[in-house]
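This is what each chain is made of:
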Amino acid sequence: MARKASSAAVPEYLLIASGLLSLGLSLSACATADRLIPWQRTYGGPEDDWANEIAMLPDGGFIVAGWTESTGAGKEDAWLLRLDCFGTILWERTCGGGEDEKAIAVAVPPGGGFIVAGSTASKGAGKGDVWVLRLDPSGRLLWERTYGGGGDDRAYDVPPLPGGGFLVAGRTESKGTGGNDAWLPRLDSSGNLLWERAFGGGEDDNASAVAALPGGGVMVAGNTESKGTGSWDAWILRLDARGALLWDRTLGNAGFNWINAAAALSGGKILMAGVTFPAGERHMDAWLIRLGDKSELGATPGAAPNGRNTSPPSAARLPPRLRRPAWLNSTKGFS
Ligand SMILES: [Ca+2]
Ligand SMILES: [Ca+2]
Ligand SMILES: [Ca+2]
């Protein structure tokens with residue numbers, strides 16, 4: 001009613017124009033000069049402080065997950081920074097106890113707020129435990145849970161899944177076959193464990209990132225010393241929506257091969273990133289792996305009815321390697 005009263009006094013086209021103008025102003029508030037680096041900032045105190053992952057928010061701002069030794073409850077604490085689109089801190093929060101904590105991954109679930117995964121040595125079942133925290137949009141803790149056993153257990157990714165809840169990707173020393181195994185605890189939206197899967201052999205194995213597929217199920221980026229060639233090989237696992245392994249493949253050479261990021265592109269396509277250390281060379285190369293389309297992703301290698309080779313890409317199909325590893329986050333998966 002108030003709107004109608006005011007439109008009687010002000011021409012309607014002016015109201016529409018003013019609405020469009022304010023909408024345009026709010027959208028353009030984050031616009032920056034067309035420069036290569038519109039801004040850069042540092043955050044932290046006198047001790048070591050680390051930003052590990054960043055997620056963009058609908059208002060143009062960001063949430064940053066990392067850890068800090070400069071503030072908090074002792075040693076390293078998980079550290080979350082809510083920034084506006086210019087990098088100004090809106091709020092920051094540390095979580096943890098007297099031992100080491102890290103926030104490794106952060107994501108924005110459909111319901112808003114934040115889901116954070118990392119590790120804690122201050123609580124849980126012993127040594128490091130996987131640690132998942134659910135925060136509201138203001139950074140208030142809604143719930144936190146630890147997962148793990150007596151060994152060292154770590155989380156590296158925590159994507160929200162289309163069906164609700166989350167899938168943690170990490171590694172466990174408490175379960176599985178030997179050494180570390182890739183570990184995938186499936187959580188509901190309140191953090192309750194729905195199921196968990198561990199994959200690996202007698203050596204160290206891990207799951208470093210997950211990309212959800214449109215038809216259900218996930219593609220897991222992992223790394224293995226138990227399979228493949230030489231020391232570490234990249235390890236790609238295709239799981240269905242219940243966590244059953246449909247197929248897996250290793251990619252690598254006799255040197256060090258490692259993937260620590262997975263992005264779902266449109267149409268069910270997947271891009272993974274990591275580093276590869278060509279045998280006999282003294283430097284790492286950045287490494288991008290583009291997986292095939294949805295029809296390939298769901299197929300069982302070697303069992304395609306039309307006889308096509310549906311295997312995930314071999315190293316020969318990878319794009320030319322970049323000689324600039326610096327943009328890669330080498331810590332995710334190493335910590
Ligand atoms: Ca701490
Ligand atoms: Ca543990
Ligand atoms: Ca293992």
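Owing to the predicted nature of the structure, the values given are computational and were not obtained by experimental measurement. (Residues numbered from 1 in each chain as written. Chains lettered and ligands numbered in written order. Predicted model: local features only at pLDDT ≥ 70, side-chain atom pairs only at ≥ 80, totals over all residues.)

1. Some details on the overall build of the protein
Right, so step 1: The helix and strand tally for the protein stands at three helices and 20 strands.
Right, so step 2: Evaluated residue by residue, the protein yields a buried proportion of 36% over its 335 residues.
Right, so step 3: Summarising the internal contacts of the protein: among those between residues at least 6 apart in sequence, 47% fall at separations of at least 24. (Helix = DSSP H or I, 4+ residues; strand = E, 2+ residues; numbered from the N terminus. Buried ≥ 20, exposed ≤ 12 C-beta atoms within 10 Å, placed from the backbone. Contact = placed C-beta atoms within 7 Å.)

2. Focus: the confidence of the model for the protein
Right, so step 1: In this model, the protein carries an average pLDDT of 83, and 79% of its residues clear a pLDDT of 70 or more.
Right, so step 2: Across residues 1–10 the pLDDT falls below 50, and counting only partners more than four positions away or on other chains, this stretch makes three contacts in the model.
Right, so step 3: In the model, residues 297–335 has pLDDT below 50 throughout and makes 62 contacts with residues more than four positions away in sequence or in other chains. (pLDDT = per-residue confidence, 0-100.)

3. A word on the sheet that holds strand S19 (residues 270–277)
Right, so step 1: Across the sheet, which stays open at both edges, the three strands sit in the order S18-S19-S20 with antiparallel pairing between neighbours. Pairing within the sheet leaves two strands with one partner each, and these edge strands are strand S18 (256–264) and strand S20 (285–291). Each neighbouring strand pair of the sheet contributes to a mean axis angle of 25°, computed without reference to strand direction.
Right, so step 2: Relative to S19, S18 is paired through eight bridges, and the arrangement is antiparallel. Its bridge partner being in S19, Ile259 is matched across the sheet by Gly274. (Pairing = 2+ DSSP bridges. Axes fitted to C-alpha atoms, helices over the stretch in contact; angles between N-to-C directions.)

4. Details of the environment of Trp50
Right, so step 1: Along the chain, Trp50 turns up in strand S1 (residues 49–56).
Right, so step 2: Sequence-wise, Trp50 and Ala78 are 28 residues apart; in three dimensions their C-alpha atoms are separated by 9.6 Å.

5. What about unusual backbone geometry?
The phi angle of most residues is negative, glycine excepted, and most peptide bonds adopt the trans form.
Right, so step 1: Its identity as a non-glycine residue notwithstanding, Lys75 has a phi of 45°, on the positive side.
Right, so step 2: Here Lys75 shows up in the loop between strand S2 (62–68) and strand S3 (77–83).
Right, so step 3: Of note in the backbone geometry, Lys127 takes a positive phi value of approximately 50° without being a glycine.
Right, so step 4: Within the element layout of this structure, Lys127 appears in the loop between strand S6 (114–120) and strand S7 (129–135).

6. Topic: the sheet that holds strand S4 (residues 89–95)
Right, so step 1: A sheet is described by the order of its strands in space; here four strands give the open sequence S1-S2-S3-S4, paired in antiparallel fashion. Both outer strands of the open sheet, S1 and S4, are each paired with one neighbouring strand and no more. With direction set aside, neighbouring strand axes in the sheet form an average angle of 20°.
Right, so step 2: Direction of pairing for S3 relative to S4: antiparallel, over a ladder of six bridges. Bridging across to S4, Ala78 finds its partner in Cys95.

7. Comments concerning the nonpolar core
Right, so step 1: Val116, Val132, Ala155, Val168 and Val220 are the most contacted members of the largest nonpolar core, which totals 65 residues.
Right, so step 2: Non-local contacts of Val168, meaning those with residues more than four positions away in its chain, are made with Ala117, Val130, Val132, Ala155, Val158, Leu184, Pro185 and Leu187. (Core = buried A, V, L, I, M, F, W, Y, C linked by C-beta atoms within 7 Å.)

8. What about the environment of Leu142?
Right, so step 1: Inspection of the secondary structure assignment puts Leu142 in strand S8 (residues 141–147).
Right, so step 2: Under the C-beta neighbour-count criterion, Leu142 is labelled partly exposed, with 13 such atoms within 10 Å.
Right, so step 3: Distance in space between the C-alpha atoms of Leu142 and Phe114 is 9.8 Å, their sequence separation being 28 residues.
Right, so step 4: With near-sequence residues (within four places) excluded, Leu142 lies in contact with Gly113, Arg134, Leu135 and Asp136.

9. What about the environment of Pro278?
Right, so step 1: Its place among the elements puts Pro278 in the loop between S19 and S20.
Right, so step 2: Taking C-alpha positions, Pro278 is 5.4 Å from Gly255, a pair spaced 23 residues apart along the chain.
Right, so step 3: Setting aside residues up to four positions removed in sequence, Pro278 forms contacts with Asn253, Gly255 and Asp285.

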